[in-house]
Amino acid sequence: MSRTRGLVLVLLAACASAVPSFTACMSSSSPAPAAEEPAQDASDEWDGVIPCGPTMLSKGPWSLAIDATRAKIRWESCRPGSNPTVVFAPESGGAEQRVDAPDIPKVVSVTSFATLDRKVPPDYKGTWYMHEAALSGLAPATCYAYRLLADPTAKGRFCTARRSGDGFRFMAIGDTNPALGRTKYVLDRNLPANPDFVIHGGDIQYYASTLETWALWFPIMAPMLRQGGFFPAIGNHESENPQEYEEYTLRFFGGAGFDQPSPGYYRFESGGVWFFSVDTQDKWSAQSDQGKWLAASLADAASKPGFRFSVVYFHRPLVTCGDMPDNPGTRAQFEPIFLANKVLLVFQAHMHGYERFEFPGITYVTTAGGGGLITDVDANKFRTYCDKRVAAGPYYHATIVEVDPAAAPRLDGGVEGGADAAAPRDAGPDAGARDAGPSGPMYRVKVTDDDGNVRDEFSHVIP
Ligand SMILES: [Fe+2]
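Because the structure is a prediction, the values reported are computed rather than measured.

About the thresholds
- Residues numbered from 1 in each chain as written.
- Predicted model: local features only at pLDDT ≥ 70, side-chain atom pairs only at ≥ 80, totals over all residues.
- Pairing = 2+ DSSP bridges.
- Helix = DSSP H or I, 4+ residues; strand = E, 2+ residues; numbered from the N terminus.
- Axes fitted to C-alpha atoms, helices over the stretch in contact; angles between N-to-C directions.
- Buried ≥ 20, exposed ≤ 12 C-beta atoms within 10 Å, placed from the backbone.
- pLDDT = per-residue confidence, 0-100.
- Contact = placed C-beta atoms within 7 Å.

A. View of the sheet that holds strand β4 (residues 85-90). The four strands lie next to each other as β5-β4-β9-β10, forming an open sheet whose pairing is antiparallel. Here the strands that pair on one side only, and so sit at the sheet edges, are β5 (97-100) and β10 (151-159). Each strand axis lies, on average, 25 degrees off the axis of its neighbour in the sheet, ignoring direction. Examined bridge by bridge, β4 and strand β9 (residues 143-148) share five bridges and lie antiparallel to one another. Bridge assignment links P90 to a residue of β9, and that residue is Y144.

Set out below in structure tokens:
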């Protein structure tokens, strides 16, 4: 039996035996109804005291809100009074520095369980203690290693924003549901590319799978969180119960970027490339606050010295031929704005599989195979633009993007040269003059599945 089919059968069995989660198993398209809510406060076995190990470290660490000279490192403790110190230094060597991040008490109001497997650690109600170390005065274009004194095994890294024209890599992923088993392998196959940071298209964690809690999610996702900065977008599964968005999503990942008038959307920059995280759970039209912010912020970024191009990413797709709605109205409003402000790449999620569309001047990638149950990527192939879909498939995967790969750090520590830069693959029938040559400004994309197979690979010039 194939792994995917086996997983489907397991999930269908799970759905059959867990009626409240049946809609969640069949589709993740609609806002989470009450039936998708995790079981809460249902245990008569818990004594009311949050379990806590000797280090008191309960989640993390991870890094976010990174620019050329600043970064934040967060973690959670299950008791007050743990060691608050993070120690960091450039990976290439240099003096260690220390920053303390004192306890910030945060109350979780209900206990949430993975209803299908009571062995999964619950998310207990009670007071948890967040830590946020605000690092400043960092060196630009430098990767740092850090560790927590609370726990000698709690280590991570991040890279400050690259200089415009520097090469760098980032990873895009979406719809991560590690309890189902494949996310670990997606990460194993893609993190060795050593991305500076990860953009996440949303649906970060799935209570709706009935097998997952945040307490389970963090340890499995630790390799990704410790690899580099984490910049998530907001998906519909970030609000599976009334408390989740405030008590988990924003507590863990709020303030991930900059120029953030609302908790749900923001931007950041590295290497002259500007990234815009859009919240598709919020209003997104030319008339909405978010839409006005996005249009103005894209134009502002395009006017900055050193600007190369922009990347926009979000959860619910504007275009898809799979089993989720598209959004032609918003696309009609914003694609001209994207083109006017040199948005070369759009990442979207929510449709659990992979797609790539090549439209004139802009590439849309659906990268939503991060571990949630794969669904029908061809359910709406009749949509008028589906002849522009040049690659697609029902597989678990993540996407690695190299900007200016000829100048990117090699995985062996050197710098890639033009001679051994991989020849670009076919960029699709409509890519035309956008196909990149073997040298010159370009970005290169590789999509690798959970078995290590390269499922799509393409490159485009940076005009
Ligand atoms: Fe979704």
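Next comes the rest of the write-up.
B. Structural context of the pairing of strand β23 (residues 442-449). Along β23, eight of the eight residues are buried, which leaves the element largely enclosed by surrounding structure. Side chains M442, R444, K446 and T448 project from β23 onto one buried face, and the interleaved Y443, V445, V447 and D449 project onto a second face that is buried too. Sheet analysis places strand β22 (residues 397-403) next to β23, joined by seven bridges and oriented antiparallel. Bridging from a neighbouring strand, H397 pairs with D449 of β23. Inspection of the sheet shows β23 paired to strand β24 (residues 454-461) by seven bridges, in the antiparallel sense. Paired with T448 across the bridge in β24 is V454. Counting the residues between successive antiparallel strands, the hairpin from β23 to β24 contains four residues, one of them, G452, with a positive phi of roughly 90 degrees.

C. Structural view of the confidence of the model for the protein. The predicted model of the protein averages 87 in pLDDT, with 83% of residues at 70 or higher. Taken as a whole, residues 1-36 scores under 50 in pLDDT and shows 42 contacts with residues more than four places along the chain or in a different chain. For residues 415-433, every residue scores under 50 in pLDDT, and the model assigns this stretch 37 contacts once sequence neighbours within four places are set aside.

D. How the structure looks around the sheet that holds strand β17 (residues 309-313). The eight strands are arranged β14-β15-β16-β17-β18-β20-β19-β21 in an open sheet whose pairing can be described as mixed. Two strands lie at the open edges of the sheet, namely β14 (258-262) and β21 (389-393), each paired on one side alone. On average, each strand axis in the sheet is tilted by 10 degrees relative to the strand beside it, whichever way the strands run.

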